[in-house]
Amino acid sequence: LANYAAVAVERARLNQKIVAEEKKRERLGRFLSPQVASRIIAASDTQGAELGAPEVREVSILFADISGFTSMSEKMSPSAVALLLNDYLSRMTDVIFKYEGTLDKYIGDAIMAVFGAPLDMPDHAQRAIRTAVEMQERLAEWNAERKEGPHLRIRIGINSGKAVAGEIGSINKKEYTVLGDTVNTASRLESSVARPGSVVIGEQTLRLVEGLFECRPLGSFALKGKEREVLVYEVLAQSAGEAPAASPAGEA
């Protein structure tokens, strides 16, 4: 009887662990690729690490926004807008996950992604730019495939630096996100500098990827909320001989 009881207790513990892991995997799956989610779960089991505690990390932030989407959506039915947006966001998120970025949030038709949190990424700036370039390429292919509906064009801004990353929110609801000047600057680069179809980056991002991409200076810009003007560059192409990197973070 004692043996039966011990087996029953062990089975109950195992079931509880499986249920907890599935809940964690489901939560992580909202903003991480399946591969990254699995590595985080494995690390938390072996090292006792827990995702969520706010910490300062070196990251690259990507903002992408559809140009003229508000006026475009006024000419479409709500169902057509939802269908178009869902398809677009799914395709762009696939690219973010390919390079193991973290989907921070959707802001209407805009996307915010993070590279370098919650997992360390020594090459976070490279991954962010490769993601942006491929997003533009995938969008061009999708526009060419579609027979009906408007052709979309997106602006993308990327900035690198320190940011606070972790679960932020109220007692009842928290979301994993990043905060700080690095994030605000990335948002301003996208909204105030980037043109439809372009990818622009800040000076710190350029330093981290020097020689890997062909970029041209756009000059200094006074961005909202910044005391000093910011040097901005446009990504033109990947340098010859450089292959896209989508290897696991920390193993590149």
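Note that the structure is a prediction, hence the values are computed from the model and not measured. Residue positions are given per chain, counted from 1 along the sequence in the order it is written. Only residues with pLDDT of 70 or above have their local features reported here, since the model is predicted, and side-chain atom pairs are shown and tallied only from 80 upward, although totals for entire chains, interfaces and linings are computed over all residues. Side-chain numbers come from the whole structure's heavy atoms, not from hydrogens or water.

1. A few points about the overall build of the chain
Going along the chain from the N terminus, every DSSP run of H or I of four or more residues is numbered as a helix, and every run of E of two or more is numbered as a strand. Of regular secondary structure, the chain possesses seven helices and eight strands. Residue burial in the chain is summarised as follows: out of 252 residues, 43% are buried. Two residues qualify as a contact provided that any one of their heavy atoms is within 4.5 Å of a heavy atom in the partner residue. Considering only residue pairs separated by 6 or more positions, the chain has 69% of its internal contacts joining residues 24 or more positions apart. Here the open area of atoms and residues is found with the Shrake-Rupley method and a 1.4 Å probe, where only the protein chains shown may cover a residue. Accessible surface, the chain as shown: approximately 13700 Å² in total, 52% of it carbon and sulfur. Partly exposed describes any residue whose relative accessible area lies between the buried limit of under 20% and the exposed limit of over 50%, with all areas from a 1.4 Å probe on protein chains only and scaled to the type maximum.

2. Some thoughts on unusual backbone geometry
Of note, the amide linkage connecting A117 to P118 takes the cis form, showing an omega dihedral of 5 degrees. Residues other than glycine seldom take positive phi values, yet E100 does so here, at roughly 60 degrees. For E100, the location among the structural elements is in the loop between α4 (78-98) and β2 (102-107).

3. Description of a nonpolar patch on the surface
Each patch is built from residues that are more than 30% exposed by relative accessible area and take part in no salt bridge. Like charges join if they lie within 9 Å; nonpolar side chains (Val, Leu, Ile, Met, Phe, Trp, Tyr) join within 5 Å. Counted as salt bridges are all cases of a side-chain nitrogen of Lys or Arg within 4 Å of a carboxyl oxygen of Asp or Glu. The grouping of V56, V164, I168 and L179 at the surface amounts to a nonpolar patch, some 310 Å² of accessible area in total. Considering the arrangement of structural elements, one finds V56 in strand β1 (residues 55-66). Residue classification places V56 among the exposed positions, given a relative accessible area of 57%.

4. Quick word on α4
Owing to its 3.6 residues per turn, the α-helix brings residues three or four apart onto one side. Multiplying one less than the number of residues by 1.5 Å gives the expected span of a helix. The terminal C-alpha atoms of α4, which comprises 21 residues, lie 30 Å apart, in line with the 30 Å expected from a rise of 1.5 Å per residue. Along α4, the residues that are buried comprise V81, L84, L85, Y88, L89, M92, T93, V95, I96 and F97. In this structure, the buried side of α4 is in contact with β1, α3 (69-73), β2, β3 (110-115), α5 (124-145) and β4 (154-169). A positive phi of about 60 degrees marks E100, the residue just after α4.

5. A few points about the packing of α4 against α5
At a minimum axis distance of 9 Å, the contact between α4 and α5 shows a crossing angle of 145 degrees. The crossing of α4 and α5 is right-handed. When α4 is examined against α5, the residues L84, D87, Y88, R91, M92, D94, V95, I96 and K98 are found in contact with a partner set consisting of T131, E134, M135, R138, L139, W142 and E145. Side-chain classes are defined by residue name, with Ala, Val, Leu, Ile, Met, Phe, Trp, Tyr, Cys and Pro counting as nonpolar, Asp, Glu, Lys and Arg as charged, and the others, Gly among them, as polar. In terms of residue class, the contact of α4 with α5 is built from eight nonpolar, one polar and seven charged. Helix axes are fitted only over the stretch in contact, all axes being lines through C-alpha atoms; the angle between N-to-C directions runs from 0 to 180 degrees. Crossing handedness: left-handed means the near helix sits turned counterclockwise from the far one by under a right angle, and right-handed means the same turn made clockwise.

6. Considerations on the pairing of β3
Here is the key point about a regular strand: its side chains alternate between the two faces of the sheet. Burial runs high along β3: six of the six residues are buried. Of the two faces of β3, the one carrying A110, M112 and V114 and the one carrying I111, A113 and F115 are both buried. For two strands to pair, DSSP has to find at least two bridges joining them. Here β1 pairs with β3 via five bridges, running antiparallel. Residue pairing for β3: F63 is matched across the bridge by M112. The antiparallel hairpin formed by β2 and β3 contains two residues in its connecting segment, where G108 sits at a positive phi of about 65 degrees.

7. Side note on the confidence of the model for the chain
Overall, the predicted model of the chain reaches an average pLDDT of 84, with 79% of residues at or above 70. Of all helices and strands in the chain, the one with the weakest mean pLDDT is helix α2 (residues 34-47) (62), whereas strand β6 (residues 199-202) scores best (98). pLDDT is a residue-level measure of predictor confidence that goes from 0 to 100.

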